[in-house]
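Each chain, letter by letter, is given below.
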Amino acid sequence: MTSSCAAFFSCNPTILKAPQTARRFLRGFKLVLQTMLWVLVWLPLSHGAEYQSYRLDNNTLQITTNEGIVQISAYGDSAFETWYQPTGLQQLPSFAISETATNSALVLETHEDFLSLNAGKISAVITKSPFQISYYRGTKLLLAEESGLVNLDGIRGFRFQLQEHEKLIGGGQRILGMDRRGQAFPLYNKAHYGYTTESSQMYFGLPAVMSSQHYSLIFDNSASGFMDLGKSLPDVMQFGAVSGRTAYIVVAGNNYSELVKNTAELTGKQPLPPRWALGNFASRFGYHSEQEVRDTAQKFIDEGFPLDAIVLDLYWFGKDIKGHMGNLEWDKEAFPTPKSMISDLRDQGIKTILITEPFILSNSKRWKEAVQNNVLAKDVDGAPKQFDFYFGNTGLIDVFNQQASQWFSGIYTNLYKQGVAGWWGDLGEPEVHPSDSFHQFNDLAVSADDIHNVYGHMWAKRVYDNQRIIAPKQRPFIMMRSGFMGSQRYGMIPWTGDVSRSWDGLKPQVELSLQMGLLGLGYTHSDLGGFAGGEVFDQELFLRWLQYGVFQPVFRPHGQEEIAPEPIFHDEQTKDILREHIKLRYAMLPYNYSLAYENSLTGMPLMRPVFFEDEGKPQLIDIKDSYFWGKALLVKPITEPGLATVTVDLPAGRWFNFWSDEDFDGLQTIELKNEIDRIPVMVRAGSFLPMVQPVQSTDDYSTRLLDLHYYSDASVKSAKAVMYEDDGINPDAIKLGEYETLSFSAKQQNSQLQISLNRQGKYKGMPTKREMRLIVHNWLRAPLQAQKEIKKLNPDAPDNIAASAADQAISENGQVSEQTERALGSGPLIETATPEEVAAAVELANTTQSIEPSENGVAVDTQEPTTKRTSPAPVSVSLPVNKPAPMVVVGTVEQSEKPAPITNSLPLLADLRTLDHNKNGMYWEETTNTLYLKFIWQHNIQLVVKQSEIPPPEPEPESDTETETEIEEKTETD
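Heads up: these notes are all about the structure in this document. (Residues numbered from 1 in each chain as written. Predicted model: local features only at pLDDT ≥ 70, side-chain atom pairs only at ≥ 80, totals over all residues. Heavy atoms only, no water.)

### Describing the overall build of the protein chain
Applicable threshold: Secondary structure elements follow DSSP: runs of H or I no shorter than four residues count as helices, runs of E no shorter than two count as strands, and numbering proceeds from the N terminus. Exposure is judged per residue with a 1.4 Å probe applied to protein chains only, and the accessible area is read against the type maximum: over 50% gives exposed, under 20% gives buried, and values in between give partly exposed. Any two residues having at least one pair of non-hydrogen atoms within 4.5 Å are treated as being in contact. To measure how exposed things are, a 1.4 Å probe is used in the Shrake-Rupley method; for residues, cover is taken only from the protein chains shown.
Scanning the protein chain from N- to C-terminus turns up 20 helices and 48 strands. Within the protein chain, the fraction of its 974 residues that count as buried is 60%. Within the protein chain, residue pairs in contact and separated by at least 24 positions form 71% of the contacts whose partners lie at least 6 positions apart. Accessible surface, the protein chain: about 37,400 Å² in total, of which carbon and sulfur atoms supply 48%.

### A closer look at the layout of surface pockets
The line we're drawing: Here a cavity is any set of points on a 1 Å grid over the protein atoms alone where a 1.4 Å probe fits but cannot get out, and a pocket is any open set with protein on both sides within 12 Å along at least 5 of 7 lines; a residue lines the site when it has an atom within 4 Å of a point. Grid points are joined across faces, edges and corners, and a volume is the space filled by probe spheres set on the points. Basically, the charged four are Asp, Glu, Lys and Arg, the nonpolar ten are Ala, Val, Leu, Ile, Met, Phe, Trp, Tyr, Cys and Pro, and anything else, Gly included, counts as polar.
Looking at the second largest pocket, its volume works out to about 790 Å³. When residues of the lining of the second largest pocket are traced back to their parent elements, those giving at least two are helix H15 (589-602), strand S38 (688-691), strand S40 (718-725) and strand S41 (739-749). If you tally residues by element for the lining of the second largest pocket, the top one is S40, at six residues. Among the residues making up the lining of the second largest pocket, the classes are represented as 14 nonpolar, eight polar and six charged.

### Notes on the pattern of salt bridges
Definition in use: Within this document, salt bridges are pairs made up of a side-chain nitrogen of Lys or Arg and a carboxyl oxygen of Asp or Glu, the two lying within 4 Å of each other.
The full count for this structure, using the stated rule, is 50 salt bridges. Ionic pairing is found between Glu303 and Lys575, a salt bridge with its closest N-O pair at 3.0 Å. Of this pair, Glu303 sits in the loop between helix H5 (290-302) and strand S20 (309-312) while Lys575 sits in helix H14 (residues 572-587); the two residues are 272 residues apart in sequence, bridging distant segments of the chain. For Glu303, a relative accessible area of 19% gives the class buried. A salt bridge links Glu329 to Arg366, with the nearest nitrogen and oxygen atoms 3.7 Å apart. With Glu329 in the loop between S20 and helix H6 (338-347) and Arg366 in the loop between strand S22 (359-361) and helix H7 (367-372), this pair connects stretches of sequence that are 37 residues apart. For Glu329, a relative accessible area of 32% translates into the label partly exposed. Taken together, the salt bridges that share partners define one network made up of Lys299, Glu303, Glu572, Lys575, Asp576 and Arg579.

### Some words on the packing of aromatic side chains
Basically, it comes down to this: Aromatic rings from Phe, Tyr and Trp, taking only the six-membered ring of Trp, are treated as a pair when their centres fall within 6.5 Å; an angle between ring planes under 30 degrees marks them as stacked, one over 60 as edge-to-face, and anything in between as tilted. Lysine NZ or arginine CZ positioned within 6 Å of the ring centre and within 35 degrees of the ring normal marks a charge as sitting over the ring.
Across all of its chains, the model carries 47 aromatic pairs by this definition. Centroid distance Phe400 to Tyr455: 6.0 Å. Interplanar angle 70 degrees. Geometry classified as edge-to-face. Separated by 55 residues along the polypeptide, Phe400 in the loop between strand S24 (392-396) and helix H8 (402-417) and Tyr455 in helix H10 (residues 455-470) bring together distant segments of the chain. In this structure Phe400 comes out as buried when scored by relative accessible area, which is 2%. When its relative accessible area of 0% is taken as the criterion, Tyr455 is described as buried. Between Phe656 and Tyr711, the ring centres sit 5.8 Å apart and the planes meet at 45 degrees, which makes this aromatic pair tilted. Residue Phe656 is found in strand S34 (residues 654-657), and its partner Tyr711 is found in strand S39 (residues 705-711); the two are separated by 55 residues along the sequence. Aromatic rings pair up to connect Phe80, Tyr84, Phe131, Tyr135, Phe158, Phe160, Phe219, Phe239 and Tyr248 into one cluster. Against the face of Trp83 rests Arg245, its NZ or CZ located 3.8 Å from the ring centre.

### Side note on the packing of H8 against H10
Threshold: As a rule, the C-alpha atoms of each element are fitted with a line to give its axis, helices using only the stretch in contact, and angles between N-to-C directions run from 0 to 180 degrees. The scheme is simple: roughly parallel for angles under 35 degrees, roughly antiparallel for over 145, roughly perpendicular for 65 to 115, oblique for anything else. Each helix crossing is assigned a hand: it is left-handed if the near helix lies turned anticlockwise from the far helix by less than a right angle, otherwise right-handed if that turn is clockwise.
Interaxial distance between H8 and H10 falls to 10 Å at its minimum, and their mutual angle equals 50 degrees. As judged from the angle between their axes, H8 and H10 are oblique. Along this stretch, H8 crosses H10, giving a crossing that reads as right-handed. Contacts from Gln402, Ser405, Phe408, Ser409, Tyr412, Thr413 and Tyr416 in H8 reach Trp459, Arg462, Val463, Asn466, Gln467 and Ile470 in H10. For the contact of H8 with H10, a count of residues per class yields six nonpolar, six polar and one charged.

### Points about the environment of Ser224
Looking at the element boundaries, Ser224 is found in the loop between strand S15 (215-219) and strand S16 (225-229). Each C-alpha atom, one on Ser224 and one on Ile451, is 7.6 Å from the other, the two residues being 227 residues apart in sequence.

### Observations concerning the sheet that holds strand S7 (residues 114-118)
Keep this limit in mind: Any two strands with at least two DSSP-identified bridges between them are counted as paired.
Strand order across the open sheet formed by nine strands is S6-S7-S8-S9-S10-S11-S17-S16-S13, with antiparallel pairing between neighbours. Two strands in the sheet have a free side with no partner beyond their single neighbour: strand S6 (107-110) and strand S13 (184-187). This sheet shows a mean twist of 20 degrees between the axes of neighbouring strands, independent of strand direction.

### Describing the side chain of Arg275
Along the chain, Arg275 falls in the loop between helix H4 (256-267) and strand S19 (281-283). Judged by relative accessible area, which is 8%, Arg275 ranks as buried. Sequence-distant contacts of Arg275, defined by excluding residues within four places in its chain, comprise Arg475, Tyr593, Thr698, Tyr701, Glu725, Asp726, Asp727 and Gly728.

### Considerations on the packing of helix H13 (residues 539-549) against H14
One way to put it is that H13 packs onto H14 with a least axis distance of 10 Å and a crossing angle of 5 degrees. Here H14 runs roughly parallel to H13, going by the angle between their axes. On H14, the residues that touch Gln539, Phe542, Leu543, Leu546, Gln547 and Gly549 of H13 are Gln573, Thr574, Ile577, Leu578, His581 and Arg585. Considering only residue class, the contact of H13 with H14 consists of five nonpolar, six polar and one charged.

### Topic: H15
We count it as follows: Given a helix with a known number of residues, its expected span is that number minus one, times 1.5 Å.
Under the 1.5 Å per step criterion, the end-to-end length of H15 is 20 Å for 14 residues, consistent within 8% with the ideal 20 Å. Within H15, 11 of the 14 residues are buried, leaving the element largely enclosed by the surrounding structure. Residues of H15 that are buried include every one of Leu589, Pro590, Tyr591, Asn592, Tyr593, Ser594, Leu595, Ala596, Tyr597, Asn599 and Ser600, and no others. Directly after H15, the chain includes Gly603, whose backbone phi takes a positive value near 85 degrees.

### Focus on the sheet that holds strand S43 (residues 770-777)
Read from one edge to the other, the open sheet built from five strands follows the order S38-S39-S43-S47-S46, with strand pairing classed as mixed. In this open sheet, the two edge strands, each paired with only one partner strand, are S38 and strand S46 (921-925). Across this sheet, the average inter-strand angle for adjacent strands is 15 degrees, counted without regard to direction. Strand direction decides the pairing type here: S46 and strand S47 (residues 930-937), joined by five bridges, are antiparallel. In the sheet register, Gly921 faces S47, and the bridge partner there is Lys934. Packed on one face of the sheet, H15 meets S38 and S39 and runs near 115 degrees to S38.

### A short note on the pairing of strand S4 (residues 68-74)
Within S4, six of the seven residues are buried, leaving the element largely enclosed by the surrounding structure. Here six bridges tie strand S3 (residues 60-65) to S4, and the two strands are oriented antiparallel to one another. Each bridged residue has a counterpart across the sheet, and for Ile63 the counterpart in S4 is Val70. Joining the antiparallel neighbours S3 and S4 is a turn of two residues. The turn joining S4 and strand S5 (residues 79-86), which pair antiparallel and follow one another in sequence, is formed by four residues; a positive phi near 70 degrees is taken by Gly76.

### Describing the side chain of Thr930
The condition is simple: Polar contacts, as counted here, are pairs of nitrogen or oxygen atoms within 3.5 Å of one another; within protein the pair requires one atom able to donate a hydrogen and one able to accept it, and residues that are adjacent in sequence qualify only if both atoms are side-chain atoms.
Relative to the helices and strands, Thr930 is located in strand S47. With a relative accessible area of 1%, Thr930 lands in the buried category. A polar contact is formed between the side chain of Thr930 and the side chain of Thr928, at a distance of 3.1 Å.

### Considerations on the nonpolar core
Inclusion rule: To define a nonpolar core, start from buried Ala, Val, Leu, Ile, Met, Phe, Trp, Tyr and Cys residues and group those joined through side-chain atoms within 4.5 Å.
Counting 198 residues, the largest nonpolar core has Phe551, Trp629, Leu633, Phe658 and Leu757 as its most contacted members. It is H8 that provides the largest number of residues to this core, a total of seven residues. Aside from chain neighbours lying at most four places away, what touches Leu757 is Leu708, Ser743, Phe744, Met772, Phe935, Trp937, Asn940, Ile941 and Leu943. By size, the runner-up hydrophobic cluster in this structure holds 41 residues, among which are Leu106, Ala124, Phe160 and Val242.

Pasting the structure below:
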């Protein structure tokens, strides 16, 4: 970037109708602006607009002042866009507001001194003299203008009053601490190579804040500008820019979660990514040849590491770093058979992602073609703008120009036809963007500084729109380094840029992802292991970074090739530790994919700040070294070397160590032993964690065998969770209702735990039934055991299971009720059946429901079964031999192939091997206080398990002469 652009105020561009006008404008530039700028912006204004009249038209309030029009529109019941339109000032459209957002109804009240405008849950009070707007939620003041629009000598922006003790999150990628109040920084997306623990200007700025007063404020301006969040004047927040749209957006929420949702409703929600995006990536700078790509992929498989994607950096189009950018076609010397390579990788479950950049070097193979097709941004004379940067002399693709975008899309289309599955857009700030270059947008010549901050945003839109056309049945994968508010609606997956490969580079990664996620970019992640620098491999740093990566949105180790970013190229201990973590990442796919679903519905980021836990404690906003991964897990990355112990601050409630099940009271700081093979992860009591067996690739992913962990605690009386499932590919799955939700709920009272499992929805390839393993953690005593057989039940009844202690199915005198007789069908009961066994069959029969689609396409439970049920599931009970506690086997299970053993050392994954896949059952492991249940789940069911009133007796020596009567007597005593 040129030095004048780096200052971001050194020129005063405007929207121009022709390059000739631009040339005249630049000649007339006032150098005095640079020295006067800060004074003009920071000093209070001595005058404001004067109110004249109003008109309410088509859900928009238009207020006429002596300076022009002020337009206020509502989006939903919780957001206002306020757009100042000074007379004679031409402006760009909104880039922040989603194309699908629509205006909603307004209620206007007029008064002598003010107007009151209400959208439902947000209202605005417009004071006539002096002209000023304040925003409320109910009677609570959210935000007030200090003096309306600032529009003096080329600076345009807004000033707002800050409240006492108000905290501010925002600005996007910066390393300034979580609370940015008291900070000032530029709004100009710019690369920061090798950053560590401080940065006020980075790759992906966001002109927005989220306040502890429960509002979001978006400065909907694409131009080079600045934010001052109370640095110059402690009680004033200021946004300004050299040009651009003079509009801002206020969004209100009752709490932070609602505020995130309302903001996403306005700026757009992230489409579901392909499920493979949550898998493991192989990536480096870079793979030099086809053979290196093939060998790397095969080594992942040979070493037992799951792998879903391989990312090709710039060597795919040239043998050197410099001199080839813009070729945008395969270097056939290094990659002689790319189509075959991509196909072979795909057969192994590995998808190919290619880097592309928006620069066309003047010595590249496509320069002449780009010039002839009007692809490049122009200089003041209307010729392609050429300039020098690190990679060579270049031009910049004008992604705002429809003709240029069609040319660029043609290249993507051709590569997609060769099998490329995803796109990596790099250098999209753009990394160099001379101020005297111009773009063609909506028949206007727009200067670089007018539109700089939305270059990456528009690039992502062009790629996304094209991908939806050429591959309408597949979800796009688009990873980019820079964008704007709302870029998530184009499927953008950002990363945090060229971070230093050091402990100081690791430290700010949580802050960066949290800041971005709260304002819509929920898939922000880092180059795991660090990108820039580093001469000697630091094993602990590498392990800690990738261990953190398991619990963040995208698992993509990437770095300069001097130190291998792929774990497969390191020592055995490093490989053994990280192999298990990557397998854990795959085991957690049901949980992680459900977080992605929640993000697509509500905008809730996958990584969530600790302050969400207690909104009455604003000091929690400052926490940047730990976070929630979804609702269930609290993660504390290790960002310092050589620690003997690690401290974790626990929120309220009960918490379990994810690795050991050790439990802790909340609202305290605990100290854990620092272990090289794990980082601190805590599980919230009352959490459900659905998991599967790890697979080599998500191509092999299935939930037909599903492990459901529940973390039980007497302090949690009820809990619930939803797991989302679809085919992992369909981009319209949610819209068309082609998905399934698995709802889990738990109720615990005294010694009884009731767990309900409900299925709803349908999609192609959905399992008709699942082989379930329910793992109840913190089950302190053995369950009541059913030890008698129920015989001669209807053999045609559907396969299923429920183990219950619901006594209501048994009459008061202990006899089997007529309801129970009817539920069990015509087969007689053996008189020794226990109430638990009988109730199990009744529970199953009474909870079976069918699934039908509702009018809106989302499937719901209905009471009318599609197939008449004449009898419940068959129930049988048997006693296994040589188990630590008796096992109840209920129901019948189709025999499935026994999966290959999993070689791992992590305790949680090791526990999953405890139950034989070919047997139903239940048993309690006394040493770990864990209850295991194994059964088939086909219809909605309910399981109720009681703890015994006294601990189980010590096992007696086996006796060959023990009679059946003695066994029965023992059972009754137990």
